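So you can see what is in the structure, the chains are spelled out below.
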Amino acid sequence: MINKSEIEQKVAEFLLQIKAIKLQPGKPFTWASGIKSPIYCDNRITLSYPAIRTYIRQNLSALIQEEFGSVSLIAGVATAGIPQGVLVAQDLGLPFAYVRSSAKDHGTGSLIEGEVYQGQRIVVVEDLISTGKSSLQAVEALRAAGCDVAGLVAIFSYNLQAATDNFKAAKCRFSTLSNYNALIEYASDHSFINKDDLELLRKWRDNPQEWGNSGESNTF
Ligand SMILES: O=P(O)(O)OC[C@H]1O[C@H](OP(=O)(O)OP(=O)(O)O)[C@H](O)[C@@H]1O
Ligand SMILES: O=C(O)c1cc(=O)[nH]c(=O)[nH]1
């Protein structure tokens, strides 16, 4: 059985070590959802580190087997979920396909690339969940193609209530290797951030939708 709390901390440690976690409270990041945030997690950087890439691949594969049992295809969410999904599919010896964020406007016009079939039991691989909108768009595209989506895994989740609500409404299970709460506690305990940073990151967590609009970003 996998040790979830050990993996949460190890992935948080790796992300901090390679500076995939960026703190920029004075110049907030704008996310895909439009949310303004003092923090950004760039999982794409893990691909540049073979040992970390391997750890993530092995643990995503183990998570899929433990949470979802037997599946017959891994699907990646474009773009950052594609390389992670390919690595996992290779690890598990399974076919792979990916879902674009919108259908191609030329050539085949495809939304799903690769072969999937009606009734096929699939796990979707994403790199990160903020609101879950990108993840669930891919899940819905696969369901519309007749696939049986067992669930979704990702490297990191921000623990946003919006994501919990969106996945629940879509009746889709998800599981991640690490998450925001684990990350900020690890970062504080191991001196990657100071007390003021921790306070700010906790404040942001309590109301992420409003944070960038309330002048909070200038108080760091
Ligand atoms: O849960 P959500 O609110 O949808 O946000 C998370 C999504 O945002 C990022 O993708 P981005 O749109 O930046 O594109 P990329 O994967 O092509 O880099 C990330 O890779 C997730 O797909
Ligand atoms: O929500 C997003 O767009 C997002 C947030 C984040 O921390 N990292 C990322 O790649 N995307």
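The name that an unreviewed UniProt entry assigns to the protein is Orotate phosphoribosyltransferase, with the source organism given as Arcticibacter tournemirensis. The record in UniProt for the protein states the following under Cofactor (unreviewed entry): "Mg(2+)".

Examining the environment of valine 116
The residue valine 116 is located in the loop between strand 7 (112-113) and strand 8 (121-129) in this model. Classification of valine 116 as partly exposed rests on a relative accessible area of 23%. Taking C-alpha positions, valine 116 is 8.2 Å from leucine 142, a pair spaced 26 residues apart along the chain. Excluding residues within four positions of it along the chain, valine 116 makes contact with Leu73, Ala97, Ile122, Leu142, Ala145 and Cys147.

A few points about the sheet that holds strand 8
Here six strands make up an open sheet; going across it, the order is 7-6-5-8-9-10 and the pairing mixed. Two strands bound the open sheet, and with one partner strand each, they are strand 7 and strand 10 (174-179). As paired strands, strand 5 (residues 73-77) and strand 6 (residues 96-99) are joined by four bridges and run parallel to one another. Bridge assignment links isoleucine 74 to a residue of strand 6, and that residue is phenylalanine 96. Against the sheet, helix 6 (residues 180-189) engages strand 9 (148-157) and strand 10, with an angle of about 10° to strand 10.

So, the pairing of strand 9
Taken across its 10 residues, strand 9 has nine buried, putting it largely inside the fold. Alignment of strand 8 against strand 9, held across eight bridges, turns out to be parallel. Counterpart to arginine 121 in the pairing with strand 9 is aspartate 148. The β-α-β motif built from strand 8, the intervening helix 4 (residues 133-144) and the parallel element strand 9 has right-handed crossover chirality. Here five bridges tie strand 9 to strand 10, and the two strands are oriented parallel to one another. Note that in strand 10 the partner of alanine 154 across the bridge is threonine 176.

A few points about the UniProt feature "binding site: orotate" (unreviewed entry) in the protein
Those residues carrying the UniProt feature "binding site: orotate" (unreviewed entry) are Ser130 in this numbering. Here serine 130 shows up in the loop between strand 8 and helix 4. Serine 130 gets classed as buried once you look at its relative accessible area, which sits at 14%. In contact with serine 130, other than residues within four places in its own chain, are Trp31, Tyr158, Leu160 and Ala163.

Focus: the site of ligand 2
Lining the immediate surroundings of ligand 2 are Trp31, Ala32, Tyr40, Cys41, Arg44, Leu128, Ser130 and Tyr158. Take arginine 44: an N or O atom from its side chain is 3.1 Å from an oxygen atom of ligand 2. At 2.6 Å from an oxygen atom of ligand 2 is found a side-chain nitrogen or oxygen belonging to tyrosine 158. A total of 290 Å² of accessible area belongs to ligand 2 in isolation, and the protein chains cover 91% of it. Taken together, the residues of the shell around ligand 2 break down into six nonpolar, one polar and one charged.

Here we look at the site of ligand 1
In the neighbourhood of ligand 1, 13 residues make up the surrounding shell, with Thr79, Asp127, Thr131, Gly132 and Ser134 lying closest. Backbone polar atom of alanine 80 to an oxygen atom of ligand 1: 3.0 Å apart, as the coordinates give it. A distance of 2.8 Å separates an oxygen atom of ligand 1 from a polar backbone atom of serine 130. Within the complex, 79% of the 500 Å² of free accessible area of ligand 1 lies under protein. With four residues, the single largest contributor to the shell around ligand 1 is strand 8. Of the residues that constitute the shell around ligand 1, the class distribution is four nonpolar, five polar and four charged.

What counts as what
Residues numbered from 1 in each chain as written. Chains lettered and ligands numbered in written order. Predicted model: local features only at pLDDT ≥ 70, side-chain atom pairs only at ≥ 80, totals over all residues. Heavy atoms only, no water. UniProt positions renumbered as here; feature names shortened; annotations may be inferred. Helix = DSSP H or I, 4+ residues; strand = E, 2+ residues; numbered from the N terminus. Buried < 20%, exposed > 50% of the residue type's maximum accessible area, 1.4 Å probe, protein only. Contact = heavy atoms within 4.5 Å. Pairing = 2+ DSSP bridges. Axes fitted to C-alpha atoms, helices over the stretch in contact; angles between N-to-C directions. Right-handed = clockwise from strand over helix to strand, strands pointing away. Near = heavy atom within 4 Å. Polar contact = N/O pair within 3.5 Å; in protein donor to acceptor, adjacent residues only side chain to side chain. Areas by Shrake-Rupley, 256 points an atom, 1.4 Å probe, with all protein chains shown as cover. Nonpolar A, V, L, I, M, F, W, Y, C, P; charged D, E, K, R; others polar.

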